[in-house]
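# Coordinate inspection notes
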Amino acid sequence: MTQRTKVAVFISGRGSNMEALVRAARAADCPFEIALVLANKPGAGGLATAAAAGIEPLCVDQRDFGKDRQAHERAIDAALRARGIQVIALAGYMRILTPFLVDAWAGRMLNIHPSLLPHYPGLDTHARALAAGDQEAGCTVHLVTAGVDEGPILGQARVPILPGDDEPAVALRVLAQEHRLYPETLATFCRGLEQGA
Ligand code: GAR
């Protein structure tokens with residue numbers, strides 16, 4: 001079998017999308033393996049989940065670098081290269097990246113965002129969709145470029161917003177789709193890399 005693409009998943013919190021990617025990678029025909037789970041803060045719950053699943057957890061604590069964001073990213077970049085990582089999957093990584101890391105991994109860094117981009121980049125996406133009276137919500141997997149939540153879209157999933165929905169209800173419905181969309185889109189992306197696309 002061809003070598004699987006080595007993916008690092010970046011998290012800042014519970015890491016349920018990371019878990020979905022780890023589950024998908026267990027399939028014999030999955031084109032990627034999760035080789036590293038990296039967090040920017042030690043409190044990220046997903047680090048323990050990753051360790052329990054037998055995946056290396058690594059915290060590169062942003063507080064160790066003070067205001068020097070690029071030094072933080074240089075440390076991250078070195079850790080990735082030391083492990084032969086080929087693709088980064090941001091999964092609830094809640095720190096805006098500088099052009100240093102974005103450029104270093106251009107075309108090889110994906111993100112999942114809980115809205116139907118280009119609608120609602122940034123935070124509080126579901127609350128904003130509800131406030132606008134939208135009838136649907138969703139999630140997007142896209143390539144990361146310099147603009148926040150702006151890169152080329154690789155996949156989207158839509159869900160209805162139902163009468164009486166509040167923000168947690170929409171978040172839960174969207175999250176279920178995130179867990180389906182991200183593994184599927186990452187697999188397609190990695191197969192494309194294998195074929196030199
Ligand atoms: C997910 O809903 C993800 O789309 C969102 O954070 C959540 C992380 O949950 N990401 C962003 O808002 C990025 N802009 P998880 O830690 O359970 O995967």
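My aim in this report is to walk through the structure given alongside it, one point at a time. (Residues numbered from 1 in each chain as written. Predicted model: local features only at pLDDT ≥ 70, side-chain atom pairs only at ≥ 80, totals over all residues. Heavy atoms only, no water.)

## Let's talk about the environment of Leu 123
- Looking at the secondary structure, you find Leu 123 in the loop between β5 (109–113) and α5 (125–131).
- Once residues lying within four places of it in the same chain are set aside, the contact partners of Leu 123 are Met 94 and Arg 128. (Helix = DSSP H or I, 4+ residues; strand = E, 2+ residues; numbered from the N terminus. Contact = heavy atoms within 4.5 Å.)

## Observations concerning helix α1 (residues 16–25)
- Within α1, seven of the ten residues are buried, which leaves it mostly tucked inside the rest of the structure.
- When we look at burial in α1, the residues that qualify are Ser 16, Asn 17, Met 18, Ala 20, Leu 21, Val 22 and Ala 25.
- Here the buried face of α1 lies against β1 (5–11), β2 (32–39), α2 (46–52), β4 (87–90), β5 and α6 (167–194). (Buried < 20%, exposed > 50% of the residue type's maximum accessible area, 1.4 Å probe, protein only.)

## Some thoughts on the site of the ligand
- The ligand sits among Arg 14, Gly 15, Ser 16, Asn 17, Gly 92, Met 94, Ile 112, His 113, Pro 114, Leu 175 and Glu 178.
- Glu 178 places a side-chain nitrogen or oxygen 2.7 Å from an oxygen atom of the ligand.
- If the ligand stood free it would expose 440 Å²; the protein chains cover 86% of that surface.
- For the shell around the ligand, the secondary structure elements donating two or more residues are α1, β5 and α6.
- Per-class residue counts for the shell around the ligand are four nonpolar, five polar and two charged. (Near = heavy atom within 4 Å. Polar contact = N/O pair within 3.5 Å; in protein donor to acceptor, adjacent residues only side chain to side chain. Areas by Shrake-Rupley, 256 points an atom, 1.4 Å probe, with all protein chains shown as cover. Nonpolar A, V, L, I, M, F, W, Y, C, P; charged D, E, K, R; others polar.)

## A word on the packing of α1 against α6
- Two numbers describe how α1 lies on α6: the axes approach to 9 Å, and their chain directions differ by 45°. Comparing the axis directions of α1 and α6 gives the class oblique. In this structure, α1 meets α6 at a crossing whose hand is right-handed. Every residue of α6 that contacts α1 at Ser 16, Asn 17, Ala 20, Leu 21 and Ala 24 is listed here: Leu 175, Glu 178, His 179, Tyr 182, Pro 183 and Leu 186. (Axes fitted to C-alpha atoms, helices over the stretch in contact; angles between N-to-C directions. Parallel < 35°, antiparallel > 145°, perpendicular 65-115°, else oblique. Left-handed = near helix turned anticlockwise from the far one by under 90°.)

## Considering the pattern of salt bridges
- Tallied over the entire structure, the rule returns six salt bridges.
- A salt bridge links Asp 61 to Arg 63; the nearest nitrogen and oxygen atoms lie 2.8 Å apart.
- One salt bridge connects Glu 136 with Arg 158, and the closest N-O pair in it is separated by 2.4 Å. With Glu 136 in strand β6 (residues 136–143) and Arg 158 in strand β7 (residues 153–160), this residue pair connects regions lying 22 residues apart in the sequence. (Salt bridge = Lys/Arg side-chain N within 4 Å of Asp/Glu carboxyl O.)

## So, α6
- Taking 1.5 Å per residue, 28 residues should reach 40 Å; α6 reaches 39 Å between its end C-alpha atoms and fits that length.
- Where α6 begins, the capping side chain belongs to Asp 166, and its oxygen is found 3.1 Å from the backbone nitrogen of Ala 169.
- Looking one or two places after α6, you find Gly 196, whose phi comes out positive at around 75°. (Expected span 1.5 Å × (residues − 1).)

## Some points on the nonpolar core
- Ranked by internal contacts, the top residues of the largest apolar core, which has 38 residues, are Val 9, Phe 32 and Ile 34.
- Residue contributions to this core peak at eight residues, all from α6.
- Those residues in contact with Ile 34, other than ones at most four positions away along the chain, are Val 7, Val 9, Leu 21, Val 22, Ala 25 and Ile 55.
- Formed by 19 residues, the second largest nonpolar core is a distinct cluster that contains Leu 38, Ala 79, Ile 88 and Trp 105. (Core = buried A, V, L, I, M, F, W, Y, C linked by side-chain atoms within 4.5 Å.)

Shape descriptors only; they carry no functional weight alone.
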